Amino acid sequence: MDSLDPRLPHRRSNRRLWLAYAGCCALAWCLYVLAGSEFDRGLDPFWLAVYQATTTLWAPMLLGVAVWPVARRLHAADNGTAATALAHGMAAFSFSALWQAGEFAVNAVLFGTDHAGAVLVAGLLWRSVWGLVVYAAIATAFTAVLQARAARAAAVHAAQAESALAKAELSAISGKLNPHFLFNTLNSLIALTRKDAAQAEAALLKFSSMLRYVLDTKRGAEDRVMLSDEIDFLRDYLALEALRLGPRLRVDWDLEERVLADELPPLTLQPLVENAILHAVAGRKGGGTVTISARRNGLNHGLDLAVADDGPGCDPAALEPQPGQRRGVGLAALRKRFALDYDGQARLRIHTAPGAGFRVDLFIPQV
């Protein structure tokens with residue numbers, strides 16, 4: 001099919017090139033006619049100007065078409081400035097010679113060889129100079145087109161390479177989230193098994209459902225799931241954590257019904273909730289509250305998400321990675337994923353201070 005033909009953009013580009021060339025030729029012909037016309041003396045000078053413009057310009061206009069493959073070959077060869085200039089010089093002299101040979105042939109057919117020879121000798125010098133000038137103008141224009149195409153192709157190639165690199169990095173980041181989640185959940189299950197076998201069995205059932213969700217969404221970096229599915233997964237995760245933490249874990253849901261069909265990358269909220277439980281609930285005797293909210297952005301109709309806790313918070317400077325310090329991959333991977341995904345339109349912002357809890361705001365654009 002034409003729409004799938006990779007050569008189609010190139011053909012369209014060449015079509016535009018030759019339309020522009022034809023327009024320039026037509027403009028040059030009109031200007032030549034206008035320069036040679038004397039309208040105050042009637043139509044005879046006008047028709048004479050039309051004749052002179054046609055007989056003078058037909059040869060360089062046709063020869064100009066042959067300059068395109070010459071310019072393209074020299075541009076592709078890229079043999080250096082001196083060699084390219086020499087090749088263009090030889091082509092310019094050939095262009096000038098062929099121009100004069102074409103005019104001589106036409107004049108010989110119309111008026112005989114004697115007249116054609118006289119016209120050739122009379123205009124040999126200025127026609128040779130004009131041949132060089134016209135060739136230089138056409139070759140310069142074609143070379144500019146080729147350079148613009150090369151620059152555009154290089155830009156597209158660089159963008160494609162950057163996109164491929166971003167996708168590869170995004171896939172690697174997404175791949176980190178799943179093992180990180182599984183490792184921490186298994187540790188929770190092991191700890192629960194030692195305390196209460198019955199609760200551990202219930203937790204394993206929840207974990208089975210959660211594992212199915214993780215495996216179903218582990219297809220690629222560009223996967224999207226409905227917010228309602230992510231919330232169901234999160235409820236199972238929180239139920240598993242509640243078996244371990246009991247009443248110390250309190251969850252406050254603030255969800256707008258209209259955003260539950262919105263889409264987001266899988267396992268977006270779980271690392272944030274896990275961090276909140278780790279720092280604001282598990283390590284505190286009285287536990288803590290985790291607040292999860294989802295609502296429509298009033299300005300751009302995207303999805304606003306937030307995970308907050310009432311824990312001790314921290315100094316924002318402590319969130320910056322320190323040399324030699326090992327940190328969990330959850331929040332760091334999410335930060336990197338949101339920097340790469342959605343063409344940089346998604347956002348992740350952290351609000352915290354000592355004694356003021358911890359809050360992560362996410363913005364996810366929707367189509």
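First, a word on what this report is: a plain description of the structure on this page.

Cut-offs and rules
- Residues numbered from 1 in each chain as written.
- Predicted model: local features only at pLDDT ≥ 70, side-chain atom pairs only at ≥ 80, totals over all residues.
- Heavy atoms only, no water.
- Patch = residues over 30% accessible without salt bridge, like charges linked within 9 Å, V, L, I, M, F, W, Y side chains within 5 Å.
- Areas by Shrake-Rupley, 256 points an atom, 1.4 Å probe, with all protein chains shown as cover.
- Salt bridge = Lys/Arg side-chain N within 4 Å of Asp/Glu carboxyl O.
- Helix = DSSP H or I, 4+ residues; strand = E, 2+ residues; numbered from the N terminus.
- Pairing = 2+ DSSP bridges.
- Axes fitted to C-alpha atoms, helices over the stretch in contact; angles between N-to-C directions.
- Contact = heavy atoms within 4.5 Å.
- Buried < 20%, exposed > 50% of the residue type's maximum accessible area, 1.4 Å probe, protein only.
- Expected span 1.5 Å × (residues − 1).
- Phe/Tyr/Trp six-rings, centres within 6.5 Å; stacked < 30°, edge-to-face > 60°.
- Core = buried A, V, L, I, M, F, W, Y, C linked by side-chain atoms within 4.5 Å.
- Polar contact = N/O pair within 3.5 Å; in protein donor to acceptor, adjacent residues only side chain to side chain.
- Lys, Arg positive; Asp, Glu negative; His and termini not counted.
- Charge placed at Lys NZ, Arg CZ, Asp CG, Glu CD.

Focus on a nonpolar patch on the surface
Phase 1: Together, L48, Y51, V109, L110 and F111 make up a nonpolar patch on the protein surface, roughly 520 Å² of accessible area in all.
Phase 2: Of all the secondary-structure elements, those providing two or more residues to the nonpolar patch are α2 (44-77) and α3 (81-111).
Phase 3: A total of three residues in the nonpolar patch trace back to one element, the largest contributor, which is α3.
Phase 4: Summarising the element assignment, L48 is placed in helix α2.

Quick notes on the sheet that holds strand β4 (residues 288-296)
Phase 1: Spatial ordering of the open sheet is given by β2-β4-β5-β7-β6, a layout of five strands whose pairing is mixed. Edge strands, defined here as strands with exactly one partner in the open sheet, are β2 (249-255) and β6 (347-352). Going from strand to strand, the sheet's axes swing by 10 degrees on average, the running direction of each strand aside.
Phase 2: Bridge count for β2 against β4 is seven bridges, and the pairing is parallel. Residue pairing for β4: L255 is matched across the bridge by A294.
Phase 3: Across the face of the sheet, helix α7 (residues 227-245) comes into contact with β2, β4 and β5 (303-309) while running at roughly 165 degrees to β2.

Topic: the pattern of salt bridges
Phase 1: Evaluation of the coordinates by the stated rule reveals six salt bridges.
Phase 2: Between D254 and R295 there is a salt bridge, with the nearest N and O atoms lying 2.6 Å from each other. Placement of D254 in strand β2 and of R295 in strand β4 is noted, with a sequence separation of 41 residues between them.
Phase 3: On the basis of relative accessibility, which here comes to 33%, the residue D254 falls in the partly exposed class.
Phase 4: Taking the relative accessible area as the measure of exposure, R295 reaches 32% and is therefore partly exposed.
Phase 5: Among the salt bridges present, the one from D361 reaches R359, with a minimum N-O distance of 2.8 Å.

Re α3
Since the α-helix advances by 3.6 residues per turn, residues separated by three or four positions end up pointing in the same direction.
Phase 1: Taking 1.5 Å of rise per residue, 31 residues should cover 45 Å, and α3 covers 44 Å from first to last C-alpha, within 8% of that figure.
Phase 2: Among the residues of α3, those classed as buried are T84, H88, A91, A92, F95, S96, W99, Q100, G102, E103 and N107.

What about the packing of aromatic side chains?
Phase 1: In total, this model carries seven aromatic pairs according to the counting rule given.
Phase 2: Ring plane angle 75 degrees and centroid distance 6.4 Å describe the contact between F95 and W99, whose orientation is recorded as edge-to-face. Placement of the pair is F95 and W99 together in helix α3, with a separation of four residues, close to one helical turn. Of the two residues, F95 and W99, both sit in the buried class.

Some points on the side chain of D262
Phase 1: Its location among the elements puts D262 in the loop between β2 and β3 (263-264).
Phase 2: By relative accessible area, which is 8% here, D262 ends up buried.
Phase 3: Leaving out residues up to four positions away in the same chain, D262 has contacts with V225, M226, L227, R296, L303 and Q366.

Section: the nonpolar core
Phase 1: With 46 residues, the main nonpolar core has L227, L269, V273, I277, V290, L305 and L362 as its most contacted residues.
Phase 2: Listed by contribution, the elements that provide at least two residues to this core are α5 (124-195), α6 (197-217), α7, α8 (270-282), β4, β5, α9 (329-340) and β7 (358-364).
Phase 3: No other element matches the eight residues that α7 contributes to this core.
Phase 4: Apart from the residues lying within four places of it in its own chain, the contact partners of L305 are L227, L264, L269, S293, A294, V360, D361, L362 and I364.
Phase 5: Among the nonpolar cores identified, the runner-up in size contains 18 residues, and W68, A91, F95 and V134 belong to it.

A short note on the side chain of T268
Phase 1: Mapped onto the secondary structure, T268 falls in the loop between β3 and α8.
Phase 2: A polar contact of 2.5 Å, which involves the side chain of T268, links it to the backbone oxygen of P265.

So, a positive patch on the surface
Phase 1: A contiguous patch of positive charge, built from R12, R15, R16 and R152, is present on the exposed surface.
Phase 2: Considering every element that reaches the positive patch, the biggest residue donor is helix α1 (residues 8-36), with three residues.
Phase 3: You can see R12 is positioned in helix α1.
Phase 4: Residue class for R12 comes out partly exposed when judged on its relative accessible area of 44%.

A short note on the environment of A356
Phase 1: By the element assignment, A356 lies in the loop between β6 and β7.
Phase 2: Of the residues examined, A356 reaches a relative accessible area of 57% and is grouped as exposed.
Phase 3: Residues A356 and D310, 46 residues apart in the sequence, show an inter-C-alpha distance of 7.0 Å.
Phase 4: For A356, the contacting residues outside a window of four places in its chain are G311 and P312.

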